[in-house]
Number of protein chains: 2
Amino acid sequence: MSAATPWWKRHARLLGIVVFFLGLWFLPVPEGLTREAWHLFAVFAAAIAAVVVNALPLLTAALLAAAIVVLTYTLTPAKAFAAFANPTVLLVVVAFLVAQAVVKCGLGRRISLQVVSIFGGSTLGLAYSIFITDTLIAPGFPSNTARGGVLFPVILGLAQGGGSMPEEESTRRLGGYLMFCGMASLAITSALWLTATSGNPVAVSIAAEYGLKITFGSWLLVSSIPALLTIALLPLLLYRLFPPGVTDTPEAPEAARRQLHTMGPMSRHEWITAATFVSMIVAWILAAPFNINPTAIAIAGFAVALVTGVLTLNDIHEQGGTLVTFIWLAVLFGLSAQLNELGFMSYVGERLASAFSEVSWPVAYVSLLGIYILFHYLFVSQGAHILALLGVFLDVGVKTGVPTQLMAFALMFASSYFSTITPQGGSQNIIFVAAGYLTQGELYRLGLLTTLFAALIFLVVGTPWILWIG
Amino acid sequence: MSAATPWWKRHARLLGIVVFFLGLWFLPVPEGLTREAWHLFAVFAAAIAAVVVNALPLLTAALLAAAIVVLTYTLTPAKAFAAFANPTVLLVVVAFLVAQAVVKCGLGRRISLQVVSIFGGSTLGLAYSIFITDTLIAPGFPSNTARGGVLFPVILGLAQGGGSMPEEESTRRLGGYLMFCGMASLAITSALWLTATSGNPVAVSIAAEYGLKITFGSWLLVSSIPALLTIALLPLLLYRLFPPGVTDTPEAPEAARRQLHTMGPMSRHEWITAATFVSMIVAWILAAPFNINPTAIAIAGFAVALVTGVLTLNDIHEQGGTLVTFIWLAVLFGLSAQLNELGFMSYVGERLASAFSEVSWPVAYVSLLGIYILFHYLFVSQGAHILALLGVFLDVGVKTGVPTQLMAFALMFASSYFSTITPQGGSQNIIFVAAGYLTQGELYRLGLLTTLFAALIFLVVGTPWILWIG
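Residues numbered from 1 in each chain as written. Chains lettered and ligands numbered in written order. Predicted model: local features only at pLDDT ≥ 70, side-chain atom pairs only at ≥ 80, totals over all residues. Heavy atoms only, no water.

### Some thoughts on the interface of chain B and chain A
With 46 residues of chain B at the contact, the number on the chain A side is 47 residues. Linking chain B to chain A there are zero salt bridges. Elements with a minimum of two residues in the side of chain B that touches chain A: α1 (7–26), α3 (58–71), α5 (87–105), α14 (294–307), α15 (313–317) and α16 (320–341) of chain B. In terms of residues, the side of chain B that touches chain A owes the most to one element, α14 of chain B, which gives nine residues. The residue makeup of the side of chain B that touches chain A, split by class, is 35 nonpolar, nine polar and two charged. (Contact = heavy atoms within 4.5 Å. Salt bridge = Lys/Arg side-chain N within 4 Å of Asp/Glu carboxyl O. Helix = DSSP H or I, 4+ residues; strand = E, 2+ residues; numbered from the N terminus. Nonpolar A, V, L, I, M, F, W, Y, C, P; charged D, E, K, R; others polar.)

### Some thoughts on the environment of Ala364 of chain A
Residue and element names in this part refer to chain A. Mapped onto the fold, Ala364 is located in helix α18 (residues 361–374). Considering only alpha carbons, one finds Ala364 and Leu27, 337 residues apart in sequence, at a separation of 30 Å. With residues up to four places along the chain from it excluded, the contact list for Ala364 reads Phe356, Val359 and Thr400.

### Some details on helix α12 (residues 252–263) of chain B
In an α-helix, one turn spans 3.6 residues; hence positions three or four apart end up facing the same way. All names here are of chain B. If you check α12, its first and last C-alpha atoms are 16 Å apart, about what twelve residues at 1.5 Å a residue would give, namely 16 Å. For α12, the full list of buried residues reads Ala252, Pro253, Ala256 and Leu260. Viewed end-on, α12 has its buried residues packed into an arc of 95 degrees, placing them on one side of the element. Across from the buried face of α12, at angles greater than 90 degrees, the exposed residues are Arg258, His261 and Thr262. Buried residues in α12 make contact with α6 (107–119). (Expected span 1.5 Å × (residues − 1). Buried < 20%, exposed > 50% of the residue type's maximum accessible area, 1.4 Å probe, protein only. Arc of directions from axis to C-beta.)

### Topic: the pattern of salt bridges
The tally for this structure, following the rule as stated, stands at 14 salt bridges over all chains. Among the ionic pairs, Arg172 of chain A bridges to Glu442 of chain A, the shortest N-O distance being 2.7 Å. In this pair, Arg172 of chain A sits in helix α9 (residues 172–192) while Glu442 of chain A sits in helix α22 (residues 440–469), placing the two residues 270 residues apart along the sequence. Arg172 of chain A sits in the buried class, given a relative accessible area of 6%. Given the relative accessible area of 13%, Glu442 of chain A is considered buried. We note a salt bridge from Arg258 of chain B to Glu254 of chain B, for which the minimum N-O separation is 3.9 Å. Of this pair, Arg258 of chain B and Glu254 of chain B both sit in helix α12, separated by four residues, roughly a single helical turn. Assessed through its relative accessible area of 51%, Arg258 of chain B is described here as exposed. Sharing partners across several salt bridges, the network here consists of Glu169, Arg172 and Glu442 of chain A.

### Considerations on the nonpolar core
Membership of the largest hydrophobic core comes to 365 residues, with the highest contact counts inside it found for Phe84 of chain A together with Phe84 of chain B. Setting aside residues no more than four positions away along its own chain, Phe84 of chain A makes contact with Leu90, Phe326, Ile327, Ala330 and Val331 of chain A together with Phe84, Ala85, Leu90 and Phe326 of chain B. (Core = buried A, V, L, I, M, F, W, Y, C linked by side-chain atoms within 4.5 Å.)

### Examining unusual backbone geometry
Residues and elements named next belong to chain B. A positive phi is found at Tyr73, a non-glycine position, where the angle reads about 60 degrees. With relative accessibility at 47%, the residue Tyr73 sits in the partly exposed group. A positive phi angle, close to 55 degrees, is found at Asn291, a residue other than glycine.

### Let's talk about a nonpolar patch on the surface
A cluster of nonpolar residues, Tyr73 of chain A together with Val278, Val282, Ile285, Leu286 and Phe290 of chain B, forms a patch on the protein surface that exposes about 560 Å² of accessible area. Residue position: Leu286 of chain B is located in helix α13 (residues 268–290). Residue Leu286 of chain B is classed as partly exposed on the basis of its relative accessible area of 34%. (Patch = residues over 30% accessible without salt bridge, like charges linked within 9 Å, V, L, I, M, F, W, Y side chains within 5 Å. Areas by Shrake-Rupley, 256 points an atom, 1.4 Å probe, with all protein chains shown as cover.)

### Comments concerning the packing of helix α20 (residues 404–417) of chain B against helix α22 (residues 440–469) of chain B
Residues and elements named next belong to chain B. Relative orientation of the contacting elements α20 and α22 amounts to 155 degrees, with a least axis distance of 11 Å. The orientation of α20 relative to α22 falls into the category roughly antiparallel. Viewed along their axes, α20 and α22 form a crossing whose handedness is right-handed. Along the contact surface, α20 presents Leu406, Phe409, Phe413 and Tyr417, while α22 presents Thr451, Ala454, Ala455, Phe458, Thr463, Ile466 and Leu467. Residue composition of the contact of α20 with α22, by class: nine nonpolar, two polar and no charged. (Axes fitted to C-alpha atoms, helices over the stretch in contact; angles between N-to-C directions. Parallel < 35°, antiparallel > 145°, perpendicular 65-115°, else oblique. Left-handed = near helix turned anticlockwise from the far one by under 90°.)

### Some words on the domain arrangement of chain A
By domain assignment, chain A separates into domain 1 (9–80) and domain 2 (99–268). Computed over C-alpha atoms only, the centres of domain 1 of chain A and domain 2 of chain A are separated by 38 Å. (Domains from an automatic or database assignment.)

### A closer look at the packing of aromatic side chains
Residue and element names in this part refer to chain A. Under the definition given, this model contains 39 aromatic pairs over all chains. With a centroid separation of 5.8 Å and 35 degrees between ring planes, the pair formed by Tyr372 and Phe418 is classed as tilted. One end of the pair, Tyr372, is in helix α18; the other, Phe418, is in the loop between α20 (404–417) and α21 (427–433), with 46 residues separating them in the sequence. The exposure class of Tyr372 is buried, given its relative accessible area of 0%. We classify Phe418 as buried; its relative accessible area is 0%. (Phe/Tyr/Trp six-rings, centres within 6.5 Å; stacked < 30°, edge-to-face > 60°.)

### Considering the environment of Ile431 of chain B
Residues and elements named next belong to chain B. Mapped onto the fold, Ile431 is located in helix α21 (residues 427–433). The buried category is assigned to Ile431, whose relative accessible area is 0%. Between the alpha carbons of Ile431 and Gly149 there is a distance of 7.2 Å; along the sequence they are 282 residues apart.

### With respect to the confidence of the model for chain A
Caution applies to low-pLDDT regions: their predicted coordinates should not be interpreted in detail. Mean pLDDT over chain A works out to 87, with 97% of the residues at or above the 70 mark. For this predicted complex, the interface score ipTM comes out at 0.83, while the overall pTM is 0.81. (pLDDT = per-residue confidence, 0-100.)

### Remarks on helix α2 (residues 35–52) of chain B
All names here are of chain B. When the terminal C-alpha atoms of α2 are compared, their 26 Å separation across 18 residues agrees well with the 26 Å that a helix rising 1.5 Å per residue should span. Within α2, 15 of the 18 residues are buried, leaving the element largely enclosed by the surrounding structure. Just downstream of α2, Asn54 is the residue with a positive phi angle, here 65 degrees.

### Some thoughts on the packing of α13 of chain B against α14 of chain B
Residues and elements named next belong to chain B. Packing of α13 against α14 brings their axes to within 9 Å, and their N-to-C directions diverge by 170 degrees. Taken together, the axes of α13 and α14 lie roughly antiparallel to each other. Together, Thr276, Met280, Ala283, Trp284 and Ala287 of α13 and Pro294, Ile297, Ala298, Gly301 and Val304 of α14 make up the contact between the two elements. Each residue belonging to the contact of α13 with α14 can be placed in one class, and the counts come to eight nonpolar, two polar and no charged.

Okay, here's the thing in structure tokens:
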């Protein structure tokens, strides 16, 4: 993206961010806030703004923010860097790394082919097979980007197998439909399972500051009804919104069976990976009752993959992108936590809450959720959105009288399903978008409609369900 | 290395490590130690042993150790993962990343060509130029990790300029020799100047409790003879221990001058990088008096390199190896610190030291120094070693009749020069180790020999010198 941006435009944006930052920094400190809290906000807001207007990449913005807060003595080094040791941040990093094992050994592809061989008799069946495959493998993939990397080649194969080419206007709709199903599926299955995306544990740790203890099991209990209903209806809705042209694909199950046959029996590495992931999922489920640290579970799984040779050191040497994620996530996570600790979140929360103080909590609940979702037009990363806004919105909701659990879950689920609202709204989207089957206009239209549909189901069905089981 | 090892040999070694680990773990806990301290020692010792006998790569051993200590409730996750946020560990990571800027823009090549054009008539000349440069800049750098961050890109430029690549068995020895010279130089120059490493002032303050008043000048007076002698001989010794393959390069200075001519004037990126590093060096020198965090300085430099486009995100995406280093260093650093905090180090130190209460002082002096040095196999941080053991060993020495000044200086100098005894014995080593020119086996062998050689000179030459000027 930024490579295509003319240099003067990038410089103008950067200058704008510098002015924005200095303006905030030198503004009189609002009454009720410490100087440190205000300066930290100035740095944090400028960093997020720089990413939103595409003036700086996330990593660069985060590094600048970390350097500035320490060099200006706004935060001590210990506080500014604390989140590098945060178990949640480390879980994100290790989960990214261990997911490579599933991709590399072929297990992910095998599972996908298996599902297609059963459900793939029609285009609609293929779409459902994508959603079902994704739903089944999601809890083992705390990185939905890695999961996209597993689904994408299968979906591309399905599209090409159905004769669909991106540059052929007459055939591209089949591929476009399946690709969008991939993106939409990742958005919803990420809301279904706590461990299906890196953002969820981050969101849970923010919610924990409001007294909510959310486990793998309790998350699934709450998400199951609205998420499964959305998964059941969405392929059909998208089928109507974007008719794929081809409807019946009777040869797809047989093609999948042939490919499975070609793959032969499960390799030693696939067995090891399957056993490791089943053990990890079991351990993650048992983590809360037995006080087992989820990060240590992931580290153990990662170590097993390395000891058995499923992953090699060379595989990890190619994971520089994970280091980038680690750094920006740890920095922004840490700054966000400090912003909270210095009382900024509750301060702004009180201000915003006073705007909603006259309304009844159901009105506040729906309004806050709607504003939170629409805000995602401005974000290129779900993680940054969660870090920047989830705490504030949760705080306001709770202060206005929305039940804590209801507000928290609504925002956490939205943080997953709003990812399709723009093509760059979630990094996992990029893989599917890059295939070129859909125009930018189609992506924005389908994305908004998918997000609105999910929001509707989670509001209308999810709300009473949460209140009932709460 | 490990790829070339037959699988049965690797399995046998791994089995040996498992037996070693379980044997230690289930041994009765020695009186005076907690169960946690003993179990942590079992894990730590097994992890180091696994790496030393080449049963497991460092990353795998560290991951297993981290998983075991947390899953067995030996350490809390917060304590086990704490060092991921340690500013020194982060400084190692960021210093390595920002060093890539010097290499990429060509400045490292230009400086190294400059060095070669003066000293480059022989490989030995290059080695001496490294030691001399380090000796001259050391008193201004209270962080030898930061100093490593300055030396490393130049040494990398020298290695690459000499056609040496880590993965090429035929050429890697030149780079390996120069990299080890960098590590060894940092070890000795840190003993030469009181202000060349953060550990020295800590050691001086411990010695002050025994009535010793040590200043910048008095330290230099005592250290000068043995340290300068070691600096004079060490490049030659390492040259014999690890012949670099290339020896005489009489045409190199002229070729370097020609290449410098071909390079033309400094590019925009080179100017930016030079200005950034000069600023970083000034800030690092001012760090102690003005309480500026050295890690934040490095992060700021890294951010500048990214903002100005000297480094791009793609460059960082290739730095998966840095992630590997980050993970194992943080895990081992954290476990070693906890071993100390749980009282293991001082417990063993006291036991060993009490064994020398009956012997004559010269025997006690040499034995205590030897044990103090060998203890460094268990430490990942020099600072932790000093804090844990220097006081104990000094106390025993003085009680046995060793002159206070002699015992104190011997231990203080050792606390610098023992850093090469393991690859992780000083965080500054990691930057050089990560370049991949040397195998773990070579690092342990050269490290031990270098440490023994330095100890010999400081004993044989340093002892009479201290007694004479004392």
